[in-house]
Amino acid sequence: MASAETEKSSMSTLVAESNGSVCSAVSWGISNYPDSAVFGIDPERLSVLREVTEDDPSGRFADLLDSVDVMTETDIADLDGNRASRMENRYVALDDKVGWVTRNRKVAMPDERATSAERVIALETALTGFAERKTDTVVTPSVGLTFDSIIEAYDFYNLYSWETGFGIRYAKSRTNVKGTRCMQEFVCCCSGKPKEPNSTSSRCQCQAMIRLLRTDDDGWYINEFRSSHNHQMLNTCAEKLHFPSHRHIDKYTRELVSQLRENNVNLSKVYSTLATFFGRVENVPFTKRCLRTLCGKLSREQADDDVRKTMAIFSEMKVQDSEFSYNVQVDDESRIRTLMWTNGRSKKQYHHFGDVVTFDTTYKTNLYDMPFGIFVGVNNHFQSVLYAGVLMRDETVDTFKWIFDEFVKMMGGKRPITILTDQARAMEVAIEDVYPDATQRWCKWHILKKAKESLGSNYTKKSDFRAEFHKLVHEMLTIEEFEDRWAALLEKYSLTKNTHLTQIYETRQKWAKPYFAGKFCARQTSTGRSESANHMLKQYVPPSCSMNLFVKQYNKLQFDREQEEGFQEKRTRLSGAVLKVNTPLEMHASKVYTRKMFEIFGGILYESGSYDVEEIIPKQKYIVTHVKAEKREKWFKCRYEVNVSDNLGYFSCICGLFEHMGMVCCHSLQVMNVLRLKEIPPRHILKRWSIHGRDNLPDHLKHYQQDMGPPDAPTYRHSALYITALEVVKMGDRNLESYKFMLDGLVDLRERGAKISAPNDGLGIAEQQVSNTGVAGGSNGKTKSCKAACSVRSVEGNHLSAGGATSVSVHPPASQGEGRTKSQDMASEGSCPNANSYNSDYSETASRLDVNVGDSMLAPEREKKRGRPTTSRDKAPYEKGSNKRSRFCSICRGKGHKSSTCPDRGDAPKKERKVGTCSKCGLPKKERKVGTCSKCGLPGHRKTTCSKPLVSSMPGVPPAHSFPGTFV
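Since we're looking at a predicted model, the values are computed, not measured.

Caption draft 1: The sheet that holds strand E4 (residues 209-214), seen in detail. Ordered by their spatial adjacency, five strands build an open sheet running E1-E5-E4-E3-E2, and the pairing between neighbours is antiparallel. Where the open sheet ends on each side, the last strands, each with one partner, are strand E1 (146-147) and strand E2 (168-175). Bridge analysis of strand E3 (residues 181-188) against E4 gives five bridges, and the strand direction is antiparallel. Note that in E4 the partner of Glu185 across the bridge is Arg211.

Caption draft 2: Empty space enclosed by the protein, seen in detail. Here the structure, examined in full by the defined rule, presents five cavities of 30 Å³ or more. A volume near 110 Å³ is recorded for the largest cavity. With four residues, the single largest contributor to the lining of the largest cavity is helix H22 (residues 547-574). In the lining of the largest cavity, the residues fall into two nonpolar, seven polar and four charged.

Caption draft 3: Inspection of the packing of H22 against helix H24 (residues 595-608) at higher detail. Relative to each other, H22 and H24 sit at 70°, their axes nearing to 8 Å. Overall, the two elements H22 and H24 adopt an arrangement that is roughly perpendicular. In contact with Gln568, Arg571 and Thr572 of H22, H24 contributes Arg595, Lys596 and Glu599. In terms of residue class, the contact of H22 with H24 is built from no nonpolar, two polar and four charged.

Caption draft 4: Region of interest: the pattern of salt bridges. Under the defined criterion, the tally for this structure stands at 29 salt bridges. In this structure, Glu428 engages Arg425 in a salt bridge whose closest nitrogen and oxygen atoms are separated by 3.3 Å. Here Glu428 and its partner Arg425 are both found in helix H16 (residues 425-434), three residues apart, which amounts to about one turn of the helix. The exposed category is assigned to Arg425, whose relative accessible area is 54%. One salt bridge in this structure joins Asp748 and Arg752, with 2.8 Å as the shortest N-O distance. Separated by four residues within a single helix, Asp748 and Arg752 lie in helix H28 (residues 736-756), roughly one turn from each other. According to the relative accessible area criterion, Asp748 is partly exposed, its value standing at 34%. If you follow the salt bridges from partner to partner, you end up with Arg345, Glu562, Glu565, Glu569, Arg573 and Arg694 in one network.

Caption draft 5: Here's a closer look at the environment of Gly219. Looking at the secondary structure, you find Gly219 in the loop between E4 and strand E5 (220-226). Taking the C-alpha atoms as reference, Gly219 lies 8.9 Å from Pro110; in sequence the two are 109 residues apart. Among all residues touching Gly219, those that are not within four sequence positions of it are Arg113, Phe147, Leu213 and Arg214.

Caption draft 6: Expanded view of the nonpolar core. By size, the foremost hydrophobic cluster in this structure holds 36 residues, and its most contacted members are Tyr593, Met597, Phe601, Met663, Leu669 and Trp689. Breaking this core down by element, the ones donating at least two residues are helix H23 (584-592), H24, strand E14 (621-626), strand E15 (639-645), strand E16 (650-653) and helix H26 (666-674). Viewed by domain, this core spans two of them, domain 3 (306-441 + 524-569) and domain 4 (576-704), each represented by three or more residues. In this structure Phe601 touches Leu585, Glu586, Ala589, Tyr593, Met663, Val664, Leu669 and Ile680, once residues within four positions along its chain are discounted.

Caption draft 7: Examining the pairing of strand E9 (residues 372-378) more closely. When you tally the buried positions in E9, you get seven out of seven residues, the bulk of the element. Alternating residues of E9 divide into Phe372, Ile374, Val376 and Val378 and Gly373, Phe375 and Gly377, and every residue in both groups is buried. If you look at the hairpin formed by E9 and strand E10 (residues 384-392), you'll find five residues sitting between the two strands, and Phe382 has a positive phi there, around 60°.

What counts and how
- Residues numbered from 1 in each chain as written.
- Predicted model: local features only at pLDDT ≥ 70, side-chain atom pairs only at ≥ 80, totals over all residues.
- Heavy atoms only, no water.
- Pairing = 2+ DSSP bridges.
- Helix = DSSP H or I, 4+ residues; strand = E, 2+ residues; numbered from the N terminus.
- 1 Å grid on protein atoms, 1.4 Å probe; cavity = no way out; pocket = protein on both sides within 12 Å on 5 of 7 lines; lining within 4 Å.
- Points joined across faces, edges and corners; volume = space filled by probe spheres on them.
- Nonpolar A, V, L, I, M, F, W, Y, C, P; charged D, E, K, R; others polar.
- Axes fitted to C-alpha atoms, helices over the stretch in contact; angles between N-to-C directions.
- Parallel < 35°, antiparallel > 145°, perpendicular 65-115°, else oblique.
- Contact = heavy atoms within 4.5 Å.
- Salt bridge = Lys/Arg side-chain N within 4 Å of Asp/Glu carboxyl O.
- Buried < 20%, exposed > 50% of the residue type's maximum accessible area, 1.4 Å probe, protein only.
- Core = buried A, V, L, I, M, F, W, Y, C linked by side-chain atoms within 4.5 Å.
- Domains from an automatic or database assignment.

Coordinates in, geometry out; function isn't part of it.
Written as structure tokens, this is what we have:
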């Protein structure tokens, strides 16, 4: 240790240079006595300081030294013995007497102090010394306590505030010139002034706080501690949990909440789920109000930079699935107008089962209030399959044209045979333009729903009209029967002037069953599959979700549908079939159809047992009659005519089930049983319902399908030419000069070989299989030979300008087709032999997707509706005319008024009330006087209806005084 003279001289110099600065003196003490836990308690050192500070003009330092107690030798020995175990967390703290200290402004320091196994932390000291202190709180801050980091100090002070009954928050902080934080304050939640004088703020200028400063070893110590409050302390846990500092949600709980909310778990269930992790609800360290705030914050974070996140998801999906494709249409402000996407599996499903498609746009649960349309079909297991999803900003004709056109491009140029939609006029016009050869049907569900809203009391569960109307919609087979039954029904219930029935009758060609005879619909008469898919999507997508979350949840729905499809595939391949009647036809059906379709066939087979067969012309014409025809209703058809042709190879029934669904009807099936057929005729086995429903290859490879028999072996000359041609293509693709040389040579070879190859000996492979005529595209189903022979590739995005919108498509190449105008064609051109150039309908970008595509696009503007977000079904545009349900009168069944204001009601007097009698004596009670009109004095009406004709004044009605209980 340095001598007293040396300490005195050095201290004098330091005080003189710093002008009596207390902080400089303390810094000198720290530098000379780094091992001391408390500076100034040694009597020898204290005397040195007193001699040095005698000439201090301010006198503050002398007063400060007077307040310092001198420790005895026993205290010093005890301090030296327990310094390592109990006093390592103390620091020199004389400056709090003065109120300020000079911070280290020139040194860059780390944010935390390195941990040491020998150092005892402040919380451990507080816990171990609680029994000796005998204080009210376990954790008690004090000046000089040291911490390794600000977080440790915050947690320590927060524990103290929990025991005391208040909350804390971060307050002022300071940094030095090196950017290192050198001061931090923690204050009470009630500290500071409210922003507005008359408000609900709890801030009342509370002075409770602690101030932290830095130590020389990069730690923190309490320089100032104020414990007094000017407000009441909270006592219960329920009250304290509402302080922000006490409702702690750790990162793992936050991640769990984020996952649950993304999967559309409501707030109450999330809180209950967390309670199971903590043992019970009382142990959850935060309130439901705090959880609601967190969920809102997570939703805002999810919506930030929505377009870039969505494009990143698409990029990841493209890496995992090379056939994934999407298309974006933007407006003049580069905001997304329409977004459409699909994957490779959906394309394969559409290739196999894309003959019938349903499309519905009644789902509108997203942040931008954009309708979501979904293309849905049915596979060979009679399950719904998702083809593509589309988010659209509006439902106009141009938007639907763009959607239907891009859908065909994504699916390789194949157009659906039948498409089912709702009654939207814009959608109908777009389909007529894009799919002119397709059959469009309206959804029966929407027809019946509008009937319920428009017919009022006539359309109730117990009404006879409802039952007969449903039978008319579902059971009528011929147009004549439908027309006659419709007229009779309206005449029976006096509804000939009903505007709604008149309107749907005028559009009966769009929804009535008899008008779609011979049209294949795969047993779909409504958009119920789309509605069902939208209903399932509501279980995955939370209300008012962002676009990127919507895409992720849609992928989860698609994955679940694939899992269900996999179960049916396994069931078809491995599970046995349960026979009902054990006939040869049933045994054959069990080997041909999938298990689900075989169950449907079993129901049809069971129903066929209720019919008798009458032979009219042997093996040509039969009449099938229901065994209980006399007990069935008159309008119900009981006799069916079945015609047989093609040497028992085709059965045609008037019911049209085979043409509508692709399954043989019960009437034809009964005729087959009478004819003792062993197998179902091949023409009545639709491949889309069979176990080989997915075995569909291109035309030039159809001979490899399992249902086409053993494949024909290619000839030697075909194989030799094919291998040589591949070698020529490989050589021509190496450089530009080789490409031109090989292409010119092939063109010249084709021209010179045309005459030589004209004679056909019938031994070529093209004559042994179905020749490839190209992929049909357009309205006429034809393709140009030029387009069939060439493929155009573009590395740029696909841009289409129409109606102020720009389309950017990213999808693999598809077959080209005709039937489009020049303005609709994409901007990629190419050349091929014997042709100038053509506009390709389809262009392909490079295989990689760049996430930067989203940088040039903006998210749609958010449209917030009144009230809380909901997942309820959104009404179609044609349903939004009036929100109120029509009111019908119970007297005249008229529309627009009720029974109290009905013009046919009259002013009939009220029914006579029964006179009550006494239960003891049996005498009648006092009669009540009947009210009379204040204008004319007659009973039975009021003055507001006095001008209307009275029932009592009509002929044949007795005068008013003749009614019992009246007084004249």
